[in-house]
Amino acid sequence: MSKEFNPHSFAIYAKDHVPLPPKDAEVLTTACDYCTIACGYKVYRWPVGREGGARAAENAFKMDFPFTGVQRPWASPSQHNVVRYKGKPHHVLVIPDFEATVVNRGGDHSVRGGTLAQKCYNPENRTSERLLYPMIRVRGTLMPVSWELATEAMADISKYILEKYGEHAWGIKMYSYQYFENTYAITKLGMTSVGTPAIAPHDKPSNTNDATGLDDAGLDSFAASYEDWGMAEVCFFSGVDPYETKTTLFTEWIMGGANPNKTLIFVTPHKTMGVAYGEKNGGLWLPIIPGTDALLHNAIARIVIEKGWQDQQFIDQWIANSWEVDAGYGRGTRNTGWQWRTTWGNWQSDWPDYQKFILSRDEHKLENAARITGLRAEDILRCAELIAKPRADGSRPKTSFMLEKGNYWSNNYLNTTSLSALALMCGAGNRPGRVISRGGGHQRGMMGAGGGSGWLNPEKYPGRRKKSFNLDRWVIDGKLRFAWAFGTTWYPAMMASQEIADAVFRMTRGNPHQVANLDRAAIFETFKRRVDSGGMVLVDSDIYPVEPLGTQHADIVLPAATWGEEDFSRCNSERRLRLYAKFYDAPGEARPDWWAVQKFAQKMGFTGYDWKSSNDVFEEAARFGRNGVLNYHPLVVKAKEQGVKGHELLRSYGTTGIQTPIRVREGRLVGTPRLHDPANNWGEIEGPEVQRQWLYAFNTHSGKAILLKSPWNFPGWIQFYEAVKPRREKGEIWVTNGRINETWQSGFDDLRKPYLAQRWPYPFIIVHPKDAAPKGIESGDFVQVFNDTVYVQTGQPQGVLDADLNFNNLMKDGHIKTTTGQFVAVAIVSDEIREGVAMANFNYPAAPANSVCHAVPDPVTNNYRYKLGRGVLTKVGESPYKHSFTSMTLKPRPII
């Protein structure tokens with residue numbers, strides 16, 4: 001093999017020119033399909049065979065070319081493609097909106113969004129790998145079939161399974177972000193028509209909230225606007241570098257905004273580009289040991305209390321007292337996870353009780369917290385000063401707090417409760433420039449249809465209280481008979497990835513009953529014999545073949561239409577709603593998922609699935625979001641008043657959109673910049689608006705936020721943590737995982753874009769030099785990561801006593817089994833990562849880093865601890881990238 005050989009990309013070289021759009025080119029608006037920021041974009045479309053001229057009067061940009069200096073608009077080869085529109089070839093340019101006044105003002109954008117045009121289907125490049133027609137697997141090979149036969153086969157076996165095995169045996173694994181029209185249709189099918197509890201989003205094993213500690217404190221996870229980050233003076237980033245994952249938020253609002261001279265504090269074991277920028281500009285990097293964030297937060301809180309730096313005026317006005325903490329509970333059964341967590345005083349406290357908790361624990365003392373977190377005591381003290389210490393004139397720093405997956409996916413409940421309490425005592429939560437919010441991962445595209453059957457879960461919280469349904473465990477235990485996956489890799493994204501993949505294989509391809517021909521009756525009989533023998537039928541809806549879910553395991557594969565191929569809508573992480581316009585034909589027989597759901601539902605005999613367009617779904621779904629933060633129902637009502645479609649009214653808002661929840665004032669639609677802000681209390685409301693207290697106060701019965709305790713030695717946490725810590729005698733280190741700026745998610749688009757495929761053709765793992773040297777590992781080497789003890793929770797334990805769901809009792813009662821996990825990646829040896837920690841590429845299907853992580857959820861929230869993997873690193877040889885200068889850089893990331 002040549003050292004220049006690249007096994008993961010074609011020999012494609014980037015173009016060096018771009019045609020200019022003629023002055024009569026059509027112009028449409030959309031937003032980026034990738035990260036949660038959702039920059040606004042314009043699409044220029046015109047027929048192939050025509051081009052605009054270099055003079056301003058001859059092109060749609062109305063500018064002379066070439067130009068010198070900084071001038072917009074401008075288009076690169078990565079922003080151009082040729083697509084089919086109404087069956088004929090058309091040029092498209094997809095460029096950031098240079099006229100934008102919100103989000104990406106003036107056309108700012110990330111490298112991900114800058115290559116959006118390359119994701120459009122073009123049979124002359126690697127997007128030709130798109131799924132083009134429905135397929136059924138016959139004797140191991142996927143064969144093209146009609147939509148009629150595919151959905152009939154699905155309906156035939158689904159009716160049989162539901163009648164014989166019940167709704168528990170029929171499940172859905174779905175994205176939670178891929179547009180309101182799709183998520184509403186999918187949840188209507190699963191939660192309402194089928195009524196199954198076996199439904200889970202793409203990033204969790206069950207249908208739970210991410211940052212549960214924020215919820216219980218009364219904080220919405222997406223309360224902030226981007227302007228708030230611009231107004232802040234100090235930003236505390238927990239488990240996140242917004243530059244790498246929310247690039248425009250960082251470059252436009254954190255580096256800029258109303259106050260560009262911010263102090264940035266990063267709590268993460270990995271020094272990325274944003275961290276390096278923050279350090280250089282007077283900020284602080286706290287390279288924490290994974291999982292110990294709660295102790296850091298509490299140690300900082302202790303310093304603040306001892307120094308008297310808390311925002312007492314805010315506390316007196318906005319923090320619940322002992323009576324207000326218990327307000328609204330009554331005497332009924334506390335039969336939800338939220339009520340179980342917050343009823344018995346284990347977590348909730350008022351200000352006096354919270355101070356007592358913080359000051360009474362030895363582990364909160366500075367020297368003890370420094371030892372456990374692996375941080376320098378002087379850095380913890382400096383952090384407390386930066387976020388809370390008043391100035392000489394008595395004014396306080398405007399500090400905002402952001403958390404993301406490094407926080408809540410390592411110690412879910414304790415990390416989020418402790419951060420919310422620390423931030424609240426510093427006066428953050430409901431004021432401009434002083435906010436508490438998630439940074440966000442995906443965009444906010446979930447619009448649930450209600451219904452829900454979570455109460456059918458056989459697993460219970462202590463006291464036999466309702467608990468969210470763990471779909472992964474149900475599959476591993478062999479209880480599912482039919483699964484429909486929508487737009488997700490599923491196994492690589494979940495814990496103990498290879499354990500789930502093995503279970504699915506056993507129940508699908510490993511089952512002796514395989515389809516031998518395309519006769520409908522024969523397909524049904526084969527599927528019937530399979531499910532009766534303990535097997536499962538698997539359907540995968542996606543845009544590309546998914547390894548191994550669709551390529552190896554699925555019985556039926558359905559081609560989906562995606563961004564640019566249908567009119568869709570959703571919000572970004574500041575709840576800004578926009579239309580993502582259709583501008584070209586979906587390839588082959590690909591259809592949007594709402595259409596596929598409708599087709600199947602009609603075959604099942606379900607009613608209420610007679611949509612003619614995505615707008616019909618959009619308008620129907622609006623009624624189900626009226627009580628939530630993504631409420632756009634007033635827009636649909638206004639559209640009907642004006643005699644236009646809801647999508648068309650939204651289209652008129654362009655890339656500016658409107659922030660939800662949408663409200664009405666003097667007959668006009670008005671957006672909501674931030675939640676919990678007292679300025680949102682307008683008194684009387686108009687028209688279809690729903691007035692909710694969380695608009696102008698916190699989301700609790702009293703409207704005041706609740707301080708939550710987070711004891712480090714809580715058995716539900718500390719027993720698990722002690723079990724999963726790296727065993728030094730075996731040579732193990734922590735193996736966490738994360739994202740980087742240049743790629744998005746599993747690389748489903750990026751591996752097919754020439755520039756990005758060349759940049760990252762293979763998954764990486766970043767290793768500290770002191771961890772690499774003893775193993776003889778150098779940058780560019782292939783490295784195996786192996787964990788010989790991966791814990792997997794099994795069965796459906798019934799919680800009676802609080803201790804029943806703690807790790808040691810689950811182990812004793814036979815609800816924990818052990819397996820192994822491994823993956824191979826290319827090493828990047830650099831001191832940008834903390835010693836004793838390695839960071840692997842997130843969710844790369846061919847190298848599932850989550851295979852070395854433990855499938856044992858937080859017993860309080862039922863969420864996995866994704867960031868707490870471990871393993872032994874072993875060099876297995878040199879990769880072709882070690883000595884190459886044409887692909888895959890091995891340089892450190894903290895370059896500014």
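It should be noted that the structure appears before, not after, this text.
Criteria and thresholds
Going along each chain's sequence as written, the residues are numbered from 1 onward. Residue-level local features of this predicted model are given only where pLDDT is at least 70; pairs of side-chain atoms are given and counted only at 80 or more, and the full residue set underlies all totals for whole chains, interfaces and linings. To obtain the side-chain values, all non-hydrogen atoms of the structure were used and water was disregarded. By definition, any uninterrupted DSSP run of H or I lasting at least four residues is a helix, any uninterrupted run of E lasting at least two residues is a strand, and each is numbered from the N terminus. Summary of the burial criterion: residues with accessible area below 20% of their type's maximum are buried, those above 50% are exposed, and those between are partly exposed, where the area comes from a 1.4 Å probe applied to protein chains only. The term polar contact refers here to a pair of N or O atoms within 3.5 Å; inside protein, the definition further demands a hydrogen-donor-capable atom paired with an acceptor-capable atom, and it admits residues adjacent in sequence only when both atoms are side-chain atoms. Any two residues whose heavy atoms approach within 4.5 Å are treated as being in contact. Axes, fitted as lines to C-alpha atoms, cover a helix only where it is in contact. Angles between the N-to-C directions of the axes lie from 0 to 180 degrees. Each angle receives one of four descriptions, namely roughly parallel if under 35 degrees, roughly antiparallel if over 145, roughly perpendicular if within 65 to 115, and oblique otherwise. Crossings are classed by handedness, with left-handed meaning an anticlockwise turn of the near helix from the far one by less than a right angle and right-handed meaning a clockwise turn.

### Overview of unusual backbone geometry
- Each neighbour pair has its own omega, and for Glu547 with Pro548 the value is -5°, a cis peptide bond.
- With an omega of -5°, the peptide bond between Thr660 and Pro661 qualifies as cis.
- In this fold, Pro661 is placed in the loop between strand E22 (658-659) and strand E23 (663-665).
- Phi at Ala38 takes a positive value of approximately 60°, unusual for a residue other than glycine.
- With respect to the helices and strands, the residue Ala38 is situated in the loop between strand E1 (26-31) and strand E2 (40-47).
- Residue classification places Ala38 among the buried residues on the basis of a relative accessible area of 1%.

### Observations concerning the side chain of Thr489
- Along the polypeptide, Thr489 turns up in the loop between strand E17 (482-486) and helix H18 (497-507).
- Take Thr489: its relative accessible area is 8%, and that puts it in the buried class.
- Only 3.0 Å separates the side chain of Thr489 from the side chain of Asn843, close enough to count as a polar contact.
- Apart from the residues within four sequence positions on either side, Thr489 is in contact with Val546, Leu549, Ser746, Asn843 and Pro845.

### Observations regarding the packing of helix H2 (residues 180-194) against helix H22 (residues 614-622)
- The contact between H2 and H22 brings their axes to 9 Å, and the two run at 70°. Judged by the inter-axis angle, H2 sits roughly perpendicular to H22. Seen from above, H2 lies across H22 with left-handed handedness. Residue-level contacts link Glu181, Tyr184 and Lys188 of H2 to Ser614, Val617, Phe618, Glu620 and Ala621 of H22.

### Here we look at the environment of Gln784
- Relative to the elements of secondary structure, Gln784 occurs in strand E28 (residues 781-793).
- A relative accessible area of 25% means that Gln784 is categorised as partly exposed.
- A sequence separation of 765 residues divides Gln784 from Pro19, and the C-alpha atoms of the two residues are 46 Å apart.
- Beyond its immediate sequence surroundings of up to four residues, Gln784 is in contact with Gln822, Phe823, Val824, Val872, Leu873, Thr874 and Val876.
- A distance of 3.1 Å separates polar atoms of two side chains, one belonging to Gln784 and the other to Gln822.

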